[in-house]
Amino acid sequence: PRGFCAGVKRAIEIVDKSINKYGSPVYVRHEIVHNKHVVDDLKKKGAIFVNELSDIKDKTRPVVFSAHGVPKTVPEEAKLKNLSYVDATCPLVSKVHRESEQLYKNGYAIILIGHKNHPEVIGTMGQLPEGSITLIETINDAKSLNDRNFTKPIAYITQTTLSVDDTAEIIDFLKKKFPNIRGPIKEDICYATTNRQTAVKEIASKCDIFFVIGSRNSSNSVRLVEVAKKAGCNNSQLMHSEKEIPYNEIDSSGTIGISSGASAPEKLVQ
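Residues numbered from 1 in each chain as written. Predicted model: local features only at pLDDT ≥ 70, side-chain atom pairs only at ≥ 80, totals over all residues. Heavy atoms only, no water.

**As for the overall build of the chain**
Piece 1. Secondary structure summary: the chain contains 11 helices and 10 strands in total.
Piece 2. The C-alpha atoms of the chain give 20 Å as radius of gyration, which agrees with the globular expectation for 270 residues (18 Å, within 12%).
Piece 3. Referenced to the eigenvectors of the C-alpha coordinate spread, the extents of the chain come out at roughly 60 × 55 × 25 Å.
Piece 4. For the chain, the residues scored as buried account for 49% of the 270 residues in total. (Helix = DSSP H or I, 4+ residues; strand = E, 2+ residues; numbered from the N terminus. Rg over C-alpha atoms; globule rule 2.2 N^0.38 Å. Buried < 20%, exposed > 50% of the residue type's maximum accessible area, 1.4 Å probe, protein only.)

**Notes on the packing of helix H8 (residues 191–204) against helix H9 (residues 219–230)**
Piece 1. Direction vectors running N to C along H8 and H9 enclose 25 degrees, while the axes themselves pass 9 Å from each other. When the axis of H8 is compared with that of H9, the two are roughly parallel. For H8 against H9, the interelement crossing comes out right-handed. Taking contact as the criterion, the partners of Thr193, Arg196, Gln197, Val200, Lys201 and Ala204 in H8 are, on H9, Asn220, Arg223, Leu224, Val227 and Ala228.
Piece 2. A breakdown of the residues in the contact of H8 with H9 according to their chemical character gives five nonpolar, three polar and three charged. (Axes fitted to C-alpha atoms, helices over the stretch in contact; angles between N-to-C directions. Parallel < 35°, antiparallel > 145°, perpendicular 65-115°, else oblique. Left-handed = near helix turned anticlockwise from the far one by under 90°. Contact = heavy atoms within 4.5 Å. Nonpolar A, V, L, I, M, F, W, Y, C, P; charged D, E, K, R; others polar.)

**Points about the side chain of Gln237**
Piece 1. Here Gln237 shows up in strand S9 (residues 236–239).
Piece 2. A polar contact is formed between the side chain of Gln237 and the side chain of Asn235, at a distance of 2.9 Å.
Piece 3. A polar atom in the side chain of Gln237 sits 3.1 Å from the side chain of Lys243.
Piece 4. When near neighbours in sequence (up to four residues on either side) are disregarded, Gln237 contacts Ile209, Phe210, Phe211, Val212, Val225, Lys243, Pro246 and Glu249. (Polar contact = N/O pair within 3.5 Å; in protein donor to acceptor, adjacent residues only side chain to side chain.)

**Describing helix H2 (residues 36–45)**
Piece 1. Three or more residues of H2 are buried, namely Val38, Val39 and Leu42. Around the axis of H2, the buried residues are gathered within 95 degrees of arc, so they sit on the same side.
Piece 2. Packed against the buried residues of H2 are helix H1 (6–22) and strand S2 (47–50).
Piece 3. Measuring from the backbone nitrogen of His37 back to the side-chain oxygen at the start of H2 gives 2.9 Å, which picks out Asn35 as the cap.
Piece 4. Just downstream of H2, Gly46 is the residue with a positive phi angle, here 125 degrees. (Arc of directions from axis to C-beta.)

**Describing the packing of aromatic side chains**
Piece 1. This structure, assessed with the given rule, holds two aromatic pairs.
Piece 2. Ring geometry for Phe150 against Phe178: centres 5.7 Å apart, planes inclined by 75 degrees, an arrangement best described as edge-to-face. One end of the pair, Phe150, is in the loop between helix H6 (139–143) and strand S7 (154–158); the other, Phe178, is in the loop between helix H7 (164–177) and H8, with 28 residues separating them in the sequence. Each member of the pair, Phe150 as well as Phe178, carries the same accessibility label: buried. (Phe/Tyr/Trp six-rings, centres within 6.5 Å; stacked < 30°, edge-to-face > 60°.)

**Describing the pairing of strand S8 (residues 209–213)**
Piece 1. Across the five residues of S8, five count as buried, placing the element largely inside the fold.
Piece 2. Residues Ile209, Phe211 and Ile213 of S8 are buried on one face, and the alternating residues Phe210 and Val212, pointing to the opposite face, are buried as well.
Piece 3. In the sheet, S8 pairs with strand S10 (residues 256–260) via five bridges, with the strands oriented parallel. Across the sheet, residue Ile213 finds its bridge partner in S10, namely Ser260.
Piece 4. Between the parallel pair S8 and S9, the chain is carried across by H9, and the sense of this crossover is right-handed. (Pairing = 2+ DSSP bridges. Right-handed = clockwise from strand over helix to strand, strands pointing away.)

**Overview of helix H3 (residues 73–80)**
Piece 1. Residues of H3 that are buried: Val74, Pro75 and Ala78. Looking straight down H3, one finds its buried side chains confined to an arc of 95 degrees; they lie on one side. Turned more than 90 degrees away from the buried face of H3, the exposed residues are Lys79 and Leu80.
Piece 2. One or two residues past the end of H3 sits Asn82, with phi positive at roughly 60 degrees.

**Comments concerning the side chain of Gln159**
Piece 1. The topology assignment puts Gln159 in the loop between S7 and H7.
Piece 2. Residue class for Gln159 comes out buried when judged on its relative accessible area of 1%.
Piece 3. Here His115 takes part through its backbone nitrogen, which lies 2.8 Å from a polar atom of the side chain of Gln159.
Piece 4. Only 3.1 Å separates the side chain of Gln159 from the side chain of Thr161, close enough to count as a polar contact.
Piece 5. Once residues lying within four places of it in the same chain are set aside, the contact partners of Gln159 are Leu112, Ile113, Gly114, His115, His118, Glu120, Val121, Asp188, Ile189 and Ser219.

This is the structure we're talking about:
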């Protein structure tokens, strides 16, 4: 499995259709998905990428929110500025947002397993009042949680693009530490992430060199490189837009593995 996942495909389509419907330019808050080729392609069609809504020059134009999701304050700010917006948040990320709201409403203290400063994590933490969600990144972070600081029942949620194995290890530890902790009914790591990691695990040990096509800021692509290394191919590399193909290493390799992140276009793989 490789090529665009459903959420990425949907987000790109939303930008395309918005340009067709409203004409150009259409603003996009943050990279719609983490891939330079996709972003450059949409720029050619008439998308203007901005970091914040305050960077939008022409307030009469619509703005699209990226697939990673946004904090609640962003649509609120858009309404205040009278901006028309289209939300391209991946439905599987929205599922995590709704989960967090439900847990909060039911009186839970929430632990989020994810990567600090990743747009998806910023969006998820921004669904609730500040301080409602405790972010942990590693097993060591989990170990340093003090149960005395939790006065409410505890629940956990996760980012959708994490390493399945690393996350399972953290969850196991949390369950031992907090026997009554509540987890999502269906796990939060999305199936595109899970399927790719499983596929990479299957073949990595048979490869002398492994290439994952994807961007450096793409969480799921970076995880695939880690998974390939862990599964037995030490020479696993992320092939991002500025990286040269290492032909000398390819010449001395017998078997080469290739996979791609969920926001890497198939033409790059080819």
